[in-house]
Each structure stands twice: as C-alpha cells, then as structure tokens.
Amino acid sequence: MRMVKGMLLFLLIYAGFGFNADKTITLTVPNKTLSITIDYAAGYVIKALKIKGRNVLSAAGVYTGIQTKKGVYTSASQASDMRLTETKDGIKLSGLKYGDGTLTVAETWVFKIIGDKIHWTITRNYDNDAELEDTAFPKYNFANLNVWKGGILDNGGMVWCKYLKQVNDTYGVHTGGVTFWNAESGDGLRISTKTSNGNAIATKYSHSANNEFICSQAITAEPLGQRYNLSRFVSKKADVFAPFRVKKGSVTLAIDLQYIDYFKTYSRGTLPGIDAAAVRELLNTTGRYGVVDNNIIGANGWLTNWKCMHEPFFAQIGMAVDDENYTKNMSATLDQERDEAMLPDGRVLSRWHNARGDEIPGTYNAKTGYYEAMWGYTIDSQTGYVINASEQFDLNGDVKWLKAHQISCEKALDWLIKRDANNNGIFEMMNNNIAEKKGSDWLDIVWASYENAFVNAQMYEALKLWANCEKVLENTQKKEYYTAIAQRLKTAFNKPIDDGGFWSPQKKQYVYWRDNDGSVHGDNLVTPVNLGAIAFGICDDPQRIAQILDQIEARTSKENLFHWPLCFDSFKKEEVQSGNWPFPKYENGDIFPTWGYLGIRAYANYDKGIALKYINNILKQYKKDGLSSQRYSRVTQLGQGEDILAGISTTTTALYRDIYGIRPKWNRMGIEPNISVQLNGAKFAYTLRGIVYQLKLNVNDYTMNTDGFLIKSKEGFGASKVGRQLSFYPHNNDVMTMQVNATSNRKIYMDTGSWLQEACSWTINSKDNYRFIINGLAPGAAYLLKINNTATIVKANAVGCLLLTKRCTTPTRFTIKRLA
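These figures come from a predicted structure and were not determined experimentally.

Colleague: Residues and numbers for the overall build of the protein, please.
Modeller: A count of helical and extended segments in the protein gives 14 helices and 52 strands. Its C-alpha atoms give the protein a radius of gyration of 30 Å, within 12% of the compact-globule value 28 Å for 820 residues. Projected onto its principal axes, the C-alpha coordinates of the protein cover approximately 100 × 75 × 50 Å. Taken across its 820 residues, the protein has 61% of its residues classed as buried. A total of about 31,500 Å² of accessible surface is found on the protein, and carbon and sulfur atoms cover 49% of it. In the protein, 95 side chains carry a positive charge and 81 a negative one; their mean positions are 7 Å apart.

Shown next, in the form of structure tokens:
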C-alpha cells in the first residue's frame, strides 16, 4: 500500500486470491463527500461510487462498451494488456481493448482530482469505420430507481425516475450534463461532460431488467437519430436511439463527477407562508417536465412525446425555474418553431408529436414532427408563439435574437388580424359553427367557433407584448399599429353580447364564443375565458372584475374544490365532443390546473388571500401526487389521465410573477411585488443573465442587492448596472428613469421614495462623486430641488431631462418637486 500525495488522494490496494489479482484504486475528494473505486483486475469498471460514504451503484458499476449486430462488448470483462501508470497529477489506465473481431476499441482512462471534483477523461480509438447499434460512453448503473428522485438536465429539463415505471422504459435526450438528487437526504451527484472535435453527446435514462436506474451516454460525430419515429421516450424498449456510424480514429470525452448539496444549490430561499421545499421540488420536476429535448419545450411533455404550440406560458415557466439552461433551450425552441412550424403565410402549426395519428390528414411532417391537430385548427398557436417570444426576450435580453423573430411574429399576428371578415374588431376562427364539430383552441373537443373570446383575449395580450418589442426594435409605426388594433379589439370584446361583444349582462360573465349565425355559446362560466380576460387586461372594469371573481370564488368554495374547473356549469351536448359528456367530464367541468396562472394573476390584484390559497392548494396537491396527471376529477378531486401536462405547474410560476413580482426586462432586473403580510420576510436569490440578485420582500419594503448595487424601495422598480452606471426604473417601466454615474467602481447604495412626474426622491448612502440624469420629467418645467436641507430651483430641458452632480460623503437625500 502506498499514498500518492499533493492535490490527489489515492488509496492503491493490491491483493491476491488464487490466480485472480484483485486490483482496485479508490479516489476520494478532499472533503470526503465523493469517492470512486476502480476495479481493473479483469477490465475497467468503477465498482463503487460513494456519496458521503454510501455506494449508489449496483454490482454492475460504471463501464464503457459498444453493441454491434454480433453482440455487446464492454470494458468490464473484455480485458487485454492493461496497464496502470501514475501521471504528474493523477493516474492512467491504458491497454484496454475489446470488440467483435471486426471492430476493436482501445481505451485509455485518466483520472485526476481537481478541487471537489473527480475529473475523468476517456479516450477511445476505433480501428475501423463501423456501424454500432448502441454505445456506453460510459454507462452508469445505479442500484435502483429510488437512489435518486431524478436528474436535472443541462438543457433545462429533467428525468423523473418514477416515470420509468416498467422494465426498459427509456428516455433519450441530446445532452450530457445531469445533476441527480435525492430529495430526502439532499445529496446530489453532478455529471458534467465535454466532448472534443465538435462531437455530439446524447444520454438515455432507463429502467433495467435488474431494476437498476441506468444513465448511458453516447459520443457521435453527428447528433443521434431516434430509432422509433421521433420518440424521445419509448416504453419497454432500451434502444431509443437509431444505429449510427463511427469512423476510424480517436474520440475523447471529459467528465467531471462532483458532489452537490442539493438543498443548498437549488434553495428557494426563505419563503414565509409558502412551502419552499414543495416549490423547489415542483419546479424541478413538473416545471421542467415540458422540456422534451433540445429545441423542444412544451406540453404535454416527454413521457408522451407531445408539445402544443397553443400554450403561451413556457417562457413564464422558465422565469420561475430560473435556470440559464432552460432559458437557452427555450430561445432555441422558438427558433425551431419559427423555422419549422410556421407556414409561409404566417400560420403557426399547432402541435409537435413523435408519430402520426393526431393530425389533420396531410399536415404531419415526419421529418420535423409539426402538424395541425385533428380536432380542428387551434388558432391560439398564433398567439402562443408571439406571447412566448415576447416574454422570452425579457429573459434572454438578446436584441439580435428578437430581431430574428420580428418578421415571424409580425406574420403570426397579421395572419390572425386578416381574419376579421365582418370588420368588427374581433378575429375569427377557421370553423364557423358547432355543426362543423371542430375545435379552435386549447379546449380542443369543445366546438368553440367563429368569434372565440378565449383566443381573442390571448390575441390582446400578444398584441400588447409585441408592440413593446417593436418599440425596442425602434419600429414606432409598427408599435402604434399593433397598439391601435389591440385597443379596437378591447372595445369590441367588452361590448354586451347584444351589441356583438362577449359580455353577458344577465349572467355577469364573458361568454365563450359566437357562431357565424350570431348564436352565443359558452355562458356556463368558463374559467379560462373569464380569468384570462382579467389576467390579460382586456377586462379592466372594476365592477365586472368583482362580479366574475366573486362568482368563481363562491362556487369553487361551495364545492370545496382545491383548484378551478374549466367550467362551472355544463356545455350543451351539441357544443362538445362525446368525450366531454356527461357533465362534469374532461373539458366539460373537470379541474385542469394548467390555466392556474390566469387565476392567480386575476386574483392577485383583487384579493391576494384568494390567490395565495390556491397557490398553497397546488403545493399541497404536489406533495400528495407530484401533479402527475393530466387533470383532476371534479367529483373525486383525484388525478385523471396519464397524459401528464407540464402546464400544471403554472399556478406556482405565477407565485413568482404575480405575488413576488419577479418581472425581468430585456435590459434590467425588475420586481413588482404584490405580497401580503403573511409573506413578509421572503428572501431568495434570483439569477438573470449571469447576475445574482439577492431579494428581500416585505409589504411596501423591497430590497435588491447585487455585487454592484443595493436598492431599497417602497415601490416596484427595475435596475441594472453596467460599468460605473446604475440605471434605475421606477415602477419597473421606462416612463421615468434615472442614471447614476459614479466616479469609482464601488458599490452604490440607494434608498428610493415615491416616483411620479410631479415629485420624486432618493437617498444615496455610499461615498462617491455622482452624476444623476433624470428622464421623464415634464418638458421645460421648473422643479424645487432639495439636497438634504439645501433648496434650489432647477428646470427640466425640452425633452424632460435633468442633470445633477454631487459629491456624497454622508447619506444624502434628494427630492424633486414640480413647481406650480
């Protein structure tokens, strides 16, 4: 026995038993949270991987290998002239060869300990060109499916072990990095990967015949194809990827193995009044489940190989998940939808699926997977694309990316704008009436037709959001154009039904749709329609808001439902497909939490207590069943449908947007809190574009803290700092702004008071020479400026701008008040 010293800690054990030499090496990181034991007696295999002393592997361990048509050949038993040598800062295992006689693989494994990571480099040499059925590069065989709850993927997605229910259930994705976690102990294992020479990586996660949890990786010259249509998940089949070619020569993969304190790394902070652990788990499972693969984020999710373009909330989910990998993948998803799911005339195809069977005949593209749903042309895919693109821009902050979506977003909107044949300001669907028995939106087997209030409410939101994007792109004409159309739609939408609008004065609710014969349908208090009208702002009448929300709350409470159903009363039989009958059944009265964010957004500004009740209800339900259902029975409130919907997480994402007020903008971090007293003391970190913002929230007392600045305010605000310039956005809009330019790079400390055009105030608590530029004042107006107790009269210039300079050595208070 001997010890290799320095940064490396090795225990080399040589033992003999009969003619078999027991050769093992144990590598342990300095803090002893992670160790591996390599057995090279008869091949190369990592026979133990211990997390805080607990081995998480099965007897099969971790090994490499290939599968050809002749068989399976692995590093574990196909030994040749193996050699162990010490390098300057690690060890090297070489001489390993295995194969089928036609193809021979030679491998070298090199290990180093770098800080708290075990660095493992695999170099594989193929002696011929060949076709492989499968590869293990490497293959991790974990003891069972309970070792880890799941794994967070480096494309923003996740694998949830409980979804791999049957032997050989397999999920395959085109990414390599993963962080496995145990939700009971908080122990985690991060596997980071890096390929060489532009090679692609893919990983499959599977339930083995020995009930092991398998993570097997592949390195290929080109991204792997799917073996079964476009399926990322296959049931009872371990071979999710298609055969592939390898070329003669070397391929290298660098791997870092690292222990992760999951509770610390993925902490949601301190959330009084909220189950922070449930929030963490929900967002790391259900919230990420919609990531099917690279370039495909949507719902239903990877288990059924489905996504719908007519769901406008996936950028919002990314905002709450707060993972740069999710954000990057969502941007790429929208790129792919622009390129593959949009027809030349601007029509956005409604769905992606792995195989034919759900499409209008002739619309399925077997190469891309996009198509029109068989139930009808769901027009909300137009609005879904634009809403997601607009909100995604606030997360990625990439003006170049937005510019690349300008034409496509305009085409998507213009396609629907053209659908106003009667020129009444309300946009029409492609189906005309219930006799056609076709759907037109997310409720795909409800025969909503012609003028659809749900789609038009989403159109209003899309127009508003995209108009703001046109402003960023400096296209004032287009901004005004879409703003005017939105206003015209709002006016028409809110007219009473007798005047061509959607408001029912008799029932005090918005009806769902109007057929082309003028008949009105869906006056059965359809929740997405009515909550969406309020949430999207097309309804801003306080009396109507109260009438709708009071009705919904009274009826939900009367039935003691944990969440809102899709409708409270039944549709008529001729208005729905037979799968919705009898009431309450499926889209005719069952509970679909997918649209929960609309309810939270609607109630947050009306009665925060009600909003909070349903947020906590959904968290309690997650702890019961993981929200692993499509919907919930109105009668039993038990989960129904194995077609699990990732959108079922939106009630919790709304906690961040509409309660904590996390409202990033493309050029700043923004907060617009709307919290109640029971949430006082919320403290958590939020990361936006690589900057960590520490947030503390109390009623009318908000703090944003970064390395560059600390701002305290009684009102919502936005802020960013580039170099020595701090930009402050009162109320998180750009009506008024202030730039604070400092002489040094020191951190800027600032408290702010109320900000209006007539008066505003702030206090600087850090020493430096400052120049302040205030924009948005009344052009040419005179103001009384007070700096501490010294008063003077100043005047805004012709564009409403005021410039001040001041050396601050002690806390300095500034107030500006417009003079009469």
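Colleague: Report on the sheet that holds strand 34 (residues 513–514), specifying residues and quantitative values.
Modeller: Spatially, the three strands line up as an open sheet ordered 31-34-35, and their pairing is antiparallel. Lying at the two open borders of the sheet, with one neighbouring strand each, are strand 31 (451–452) and strand 35 (520–521). As judged from the two bridges shared by strand 34 and strand 35, these two strands associate in the antiparallel manner. In the sheet register, tryptophan 513 faces strand 35, and the bridge partner there is histidine 521.

Colleague: Can you lay out the packing of helix 7 (residues 406–417) against helix 9 (residues 476–493) for me, pointing to particular residues and giving the numbers?
Modeller: Relative placement of two packed helices is described by the angle separating their axes and the distance separating the axes. Relative orientation of the contacting elements helix 7 and helix 9 amounts to 35°, with a least axis distance of 13 Å. Note on packing geometry: the crossing formed by helix 7 with helix 9 is left-handed. Residues Glu410, Leu413, Asp414 and Ile417 of helix 7 form the contact with helix 9, whose own contacting residues are Lys478, Tyr481, Tyr482 and Ile485.

Colleague: How would you explain the sheet that holds strand 52 (residues 812–818) if you had to name every residue and give the values?
Modeller: Pairing is mixed in the open sheet, where nine strands are placed in the order 39-40-41-42-46-47-52-49-50. One side of each edge strand has no neighbouring strand; the edge strands of this open sheet are strand 39 (682–688) and strand 50 (790–795). Geometrically, the sheet is characterised by an average inter-axis angle of 20° between neighbouring strands, direction not taken into account. Pairing of strand 46 (residues 748–755) with strand 47 (residues 759–764) involves four bridges; the strand directions are antiparallel. When the bridges of strand 47 are listed, aspartate 751 appears paired with threonine 763.

Colleague: Go over the pairing of strand 9 (residues 83–86) with me, naming the residues and quoting the values.
Modeller: The pairing of strand 9 with strand 10 (residues 90–99) spans four bridges and is antiparallel. Across the sheet, glutamate 86 pairs through a bridge with isoleucine 91, a residue of strand 10. Following strand 9, the chain reverses through three residues before pairing antiparallel with strand 10.

Colleague: Describe the pattern of salt bridges, listing the residues and the values that go with them.
Modeller: Two side chains of opposite charge can pair, provided their charged atoms sit close to one another. One pass over the structure, following the stated rule, counts 33 salt bridges. Across the pair arginine 124 and glutamate 107 runs a salt bridge, and its minimum N-O distance is 2.8 Å. Of this pair, arginine 124 sits in strand 12 (residues 117–126) while glutamate 107 sits in strand 11 (residues 104–114); the two residues are 17 residues apart in sequence, bridging distant segments of the chain. Assigned by exposure class, arginine 124 and glutamate 107 land together as buried. The shortest N-O distance in the salt bridge between aspartate 658 and arginine 657 comes to 2.4 Å. Arginine 657 carries the same exposure label as aspartate 658, and that label is buried.

Colleague: So, the packing of aromatic side chains: which residues are in play, and what are the values?
Modeller: Here the structure, examined in full by the defined rule, presents 53 aromatic pairs. Between tryptophan 160 and tyrosine 622, the ring centres sit 6.3 Å apart and the planes meet at 25°, which makes this aromatic pair stacked. With tryptophan 160 in strand 16 (residues 158–160) and tyrosine 622 in helix 13 (residues 608–625), this residue pair connects regions lying 462 residues apart in the sequence. Classification of tryptophan 160 by relative accessible area gives buried; the value is 4%. Of the aromatic side chains, those joined through ring pairs into one cluster are Phe313, Phe314, Trp442, Phe454, Tyr586, Phe592, Trp595 and Tyr597. Directly above the ring of phenylalanine 137 sits arginine 124, whose terminal nitrogen or CZ lies 4.2 Å from the centroid. Positioned above the aromatic ring of tyrosine 729 is the side chain of arginine 668, whose terminal nitrogen or guanidinium carbon lies 4.1 Å from the ring centre.

Colleague: Break down empty space enclosed by the protein for me, with residues and values.
Modeller: Taken as a whole and judged by the stated rule, the model has four cavities of 30 Å³ or more. For the largest cavity, the lining is made up of 17 residues, of which Asp134, Thr135, Ala218, Leu224 and Phe241 are closest to its centre. Of all the secondary structure elements, the ones that give two or more residues to the lining of the largest cavity are strand 14 (134–142), strand 20 (200–207) and strand 21 (213–220). Of the residues contributing to the lining of the largest cavity, the split by class is eight nonpolar, four polar and five charged.

Definitions and limits used
- Residues numbered from 1 in each chain as written.
- Predicted model: local features only at pLDDT ≥ 70, side-chain atom pairs only at ≥ 80, totals over all residues.
- Heavy atoms only, no water.
- Helix = DSSP H or I, 4+ residues; strand = E, 2+ residues; numbered from the N terminus.
- Rg over C-alpha atoms; globule rule 2.2 N^0.38 Å.
- Buried < 20%, exposed > 50% of the residue type's maximum accessible area, 1.4 Å probe, protein only.
- Areas by Shrake-Rupley, 256 points an atom, 1.4 Å probe, with all protein chains shown as cover.
- Lys, Arg positive; Asp, Glu negative; His and termini not counted.
- Charge placed at Lys NZ, Arg CZ, Asp CG, Glu CD.
- Pairing = 2+ DSSP bridges.
- Axes fitted to C-alpha atoms, helices over the stretch in contact; angles between N-to-C directions.
- Left-handed = near helix turned anticlockwise from the far one by under 90°.
- Contact = heavy atoms within 4.5 Å.
- Salt bridge = Lys/Arg side-chain N within 4 Å of Asp/Glu carboxyl O.
- Phe/Tyr/Trp six-rings, centres within 6.5 Å; stacked < 30°, edge-to-face > 60°.
- Lys NZ or Arg CZ within 6 Å of the ring centre and 35° of its normal.
- 1 Å grid on protein atoms, 1.4 Å probe; cavity = no way out; pocket = protein on both sides within 12 Å on 5 of 7 lines; lining within 4 Å.
- Points joined across faces, edges and corners; volume = space filled by probe spheres on them.
- Nonpolar A, V, L, I, M, F, W, Y, C, P; charged D, E, K, R; others polar.

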